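# What the coordinates show
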Amino acid sequence: MAMSDPLGDMLTRIRNAQMRRKPKVSTPASKLRARVLEVLQKEGFIRGYSTVEFDGGKSEIEIELKYFDGEPVIRTIERVSKPGRRVYSSVRNIPHVNNGLGVSILSTPRGVLADHEARDQNVGGEVLCRVF
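Residues numbered from 1 in each chain as written. Predicted model: local features only at pLDDT ≥ 70, side-chain atom pairs only at ≥ 80, totals over all residues. Heavy atoms only, no water.

On to the sheet that holds strand β3 (residues 59-65). Taken in spatial order, the 3 strands make up an open sheet running β1-β3-β2, and their pairing is antiparallel. Edge positions in the sheet fall to β1 (24-28) and β2 (46-53), since each has one partner strand and no second. With direction set aside, neighbouring strand axes in the sheet form an average angle of 25 degrees. Where β1 lies against β3, 5 bridges are found, and the strand directions are antiparallel. Looking at the pairing, threonine 27 lines up with isoleucine 61 of β3. (Pairing = 2+ DSSP bridges. Helix = DSSP H or I, 4+ residues; strand = E, 2+ residues; numbered from the N terminus. Axes fitted to C-alpha atoms, helices over the stretch in contact; angles between N-to-C directions.)

Okay, structure coming up:
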């Protein structure tokens, strides 16, 4: 069966792996997932990620999760814009997450950006997810 929300699936895999204190988790590869993981790594929520190629043209992304004093660095990670209800935001209305401690990830005409980068570049877009 086809997956209707690949990004939501990746976020759920991260959430589930952190509840089980796993060091790594894998997810099918896509450009959007890689861009979101790039923002998460830049913001310090994950250690890193790498793409693993398999025979038959399939590839997966292996995500290294980050912990501090045995607790996951990511406290909450949730999907905002879903396939059934897309959520768009202008640059003036980009949501702040926990008074600036968290980050909203947006898909903009200039690529996938964190909320503060989108404000600096004066662009709005689709609010993909919220991380704290």
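Next, the rest of the story.
Not every positive phi belongs to a glycine, and asparagine 99 is a case in point at roughly 60 degrees. As for its position among the elements, asparagine 99 is in the loop between β7 (88-89) and β8 (103-108). Phi is positive for asparagine 122, close to 60 degrees, though the residue is something other than glycine. Mapped onto the secondary structure, asparagine 122 falls in the loop between α3 (115-121) and β10 (125-131). With a relative accessible area of 56%, asparagine 122 lands in the exposed category. (Buried < 20%, exposed > 50% of the residue type's maximum accessible area, 1.4 Å probe, protein only.)

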